[in-house]
Amino acid sequence: MTEAARTRRRAFAVLLALGILNHVALTGARVDVSLDALARGASPATVGLLIALFAMLPMVFAVAIGRHSDRVGAGTPMLAGSAGLAASISLPALAPGFPALFASAALAGLSFTMFQVALQHVTGEMGDPGKRVKRFSLLALAFSVSGIVGPLVTGFTIDFAGHRAAFAMLAVVPLAPLAVLLSRRIALPAPAAHEEHASGRGMFDLVRHRPMRRLLALNALFALGWDLHTVFVPIVGAELGLSASRIGAVLAAFGLATFVVRVALPWVVSRASETQVLAAALFLSAGAYVGFPFATGAGMLAMLSFT
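Residues numbered from 1 in each chain as written. Predicted model: local features only at pLDDT ≥ 70, side-chain atom pairs only at ≥ 80, totals over all residues. Heavy atoms only, no water.

### A look at the overall build of the chain
Then, in step 1: Counting its secondary structure elements, the chain contains twelve helices and zero strands.
Then, in step 2: Put simply, the chain runs from its N terminus to its C terminus through helices and strands in the order α-α-α-α-α-α-α-α-α-α-α-α.
Then, in step 3: Radius of gyration (C-alpha) of the chain: 20 Å, near the 19 Å computed for a compact globule of 307 residues.
Then, in step 4: Along the longest, intermediate and shortest principal axes, the C-alpha atoms of the chain span 55 × 50 × 40 Å.
Then, in step 5: By the burial criterion, 41% of the 307 residues in the chain qualify as buried. (Helix = DSSP H or I, 4+ residues; strand = E, 2+ residues; numbered from the N terminus. Rg over C-alpha atoms; globule rule 2.2 N^0.38 Å. Buried < 20%, exposed > 50% of the residue type's maximum accessible area, 1.4 Å probe, protein only.)

Right under this line is the structure:
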């Protein structure tokens, strides 16, 4: 391995660590926003709206963020995303109440998307193109780790110090990625605007491609199931009288399952077709949701969450 390759590998490892930290902040914020709202007497519909806000601005601006990252490079969006994440999550700590929760949810989702889109760009460009799939697999595993850590740490912090302290703790976490990126010690790929961006083609060109349209529809179903889980667990857990740490542990079981699946997936797809895997996943998810209304405690919720 050449020295340049070693340098890229070390840089990518650092970027994965930064991604984990920022994703810990995001997943923790989702837990704290939900539980803080429920503690203030919010209805399930209000909690659902708050979780939806995490995705609303990313839905509108994700393509524009990707194009901006192409033009200026990944450094600027990653810096802005880390700073925005810290600032937005600090709002409920500085000014507790529903206005801060709504603003924090919307801005935290947008800020993390700025960082994540740029990080995915770097993941695709940094290193040997033949190892691109491996790098994206490592990125997915990294986000599984943060999907475990974020809810767990947040739940315990809420129980021991309260919601404001949890928001303050989570707001500090993105400052580490911000400091590393400001140091300019990581060599990021240079900006590389692609021809299709200059030709005026829009994102809706994707849905005109039939196989891509089907893939996007399937992805939307899985994303719906994923986010429904994020809404359901805090509500059901609060109705059962579970502590924040137990609700965090249930959500961490979901993160643990994503880690296990991502490790096992190469073995699974070598023995079944993509269609079989996707269909089985959708039916298993549906079966798990049927069980949620019958859950009587944290153990059963964690089992369903893992499933």
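### Quick notes on helix 6 (residues 163–172)
Then, in step 1: When we look at burial in helix 6, the residues that qualify are His163, Ala166, Phe167, Leu170 and Ala171. One side of helix 6 holds all its buried residues, which, seen down the axis, span an arc of 135°. (Arc of directions from axis to C-beta.)

### Digging into the pattern of salt bridges
Then, in step 1: Applying the stated criterion across every chain, the model contains one salt bridge.
Then, in step 2: Its salt-bridge partner being Asp36, residue Arg40 comes within 3.1 Å of it at the nearest N-O pair. (Salt bridge = Lys/Arg side-chain N within 4 Å of Asp/Glu carboxyl O.)

### Topic: the nonpolar core
Then, in step 1: Counting 48 residues, the largest nonpolar core has Leu15, Phe54, Met78, Ile89 and Leu119 as its most contacted members.
Then, in step 2: Of all the secondary structure elements, the ones that give two or more residues to this core are helix 1 (3–39), helix 2 (44–72), helix 3 (75–94), helix 4 (98–125), helix 5 (132–161), helix 6, helix 7 (175–182) and helix 9 (210–239).
Then, in step 3: The leading source of residues in this core is helix 4, at eleven residues.
Then, in step 4: In contact with Ile89, not counting residues within four places along its chain, are Ala25, Ala29, Ser104, Ala108, Phe167, Leu170 and Ala171.
Then, in step 5: The next biggest cluster of nonpolar side chains, apart from the first, holds 16 residues, and it includes Ile158, Leu251, Ala295 and Ala298. (Core = buried A, V, L, I, M, F, W, Y, C linked by side-chain atoms within 4.5 Å. Contact = heavy atoms within 4.5 Å.)

### Looking at a nonpolar patch on the surface
Then, in step 1: Side chains of Val145, Val149, Val153, Leu256, Phe259, Val260, Val263 and Phe306 sit close together on the surface and give an oily, nonpolar patch of about 570 Å² of accessible area.
Then, in step 2: Elements with a minimum of two residues in the nonpolar patch: helix 5 and helix 10 (244–269).
Then, in step 3: At four residues, helix 10 tops the list of elements feeding residues into the nonpolar patch.
Then, in step 4: Tracing the backbone through its elements, the reader meets Phe259 in helix 10. (Patch = residues over 30% accessible without salt bridge, like charges linked within 9 Å, V, L, I, M, F, W, Y side chains within 5 Å. Areas by Shrake-Rupley, 256 points an atom, 1.4 Å probe, with all protein chains shown as cover.)

### Quick word on unusual backbone geometry
Then, in step 1: The backbone phi angle of Arg184 is positive, close to 60°, even though this residue is not glycine.
Then, in step 2: Within the secondary structure, Arg184 is located in the loop between helix 7 and helix 8 (195–198).
Then, in step 3: The exposure class of Arg184 is exposed, given its relative accessible area of 60%.

### Examining the packing of aromatic side chains
Then, in step 1: Scanning the model with the defined rule gives five aromatic pairs in all.
Then, in step 2: Aromatic pair Trp226 and Phe254: ring centres 4.9 Å apart, planes at 85°, arrangement edge-to-face. Separated by 28 residues along the polypeptide, Trp226 in helix 9 and Phe254 in helix 10 bring together distant segments of the chain.
Then, in step 3: Taking relative accessible area as the criterion, Trp226 reaches 37% and is therefore assigned partly exposed.
Then, in step 4: Given a relative accessible area of 18%, Phe254 falls into the buried group. (Phe/Tyr/Trp six-rings, centres within 6.5 Å; stacked < 30°, edge-to-face > 60°.)

### Examining the side chain of Ser82
Then, in step 1: Counting through the fold element by element, Ser82 comes out in helix 3.
Then, in step 2: Here the side chain of Ser82 touches Asn22 through a polar contact of 3.1 Å, side chain to side chain.
Then, in step 3: Sequence-distant contacts of Ser82, that is, excluding residues within four places in its chain, are made with Asn22, Phe115, Pro174, Pro177, Leu178 and Leu181. (Polar contact = N/O pair within 3.5 Å; in protein donor to acceptor, adjacent residues only side chain to side chain.)

Geometric values such as these leave the question of function open.
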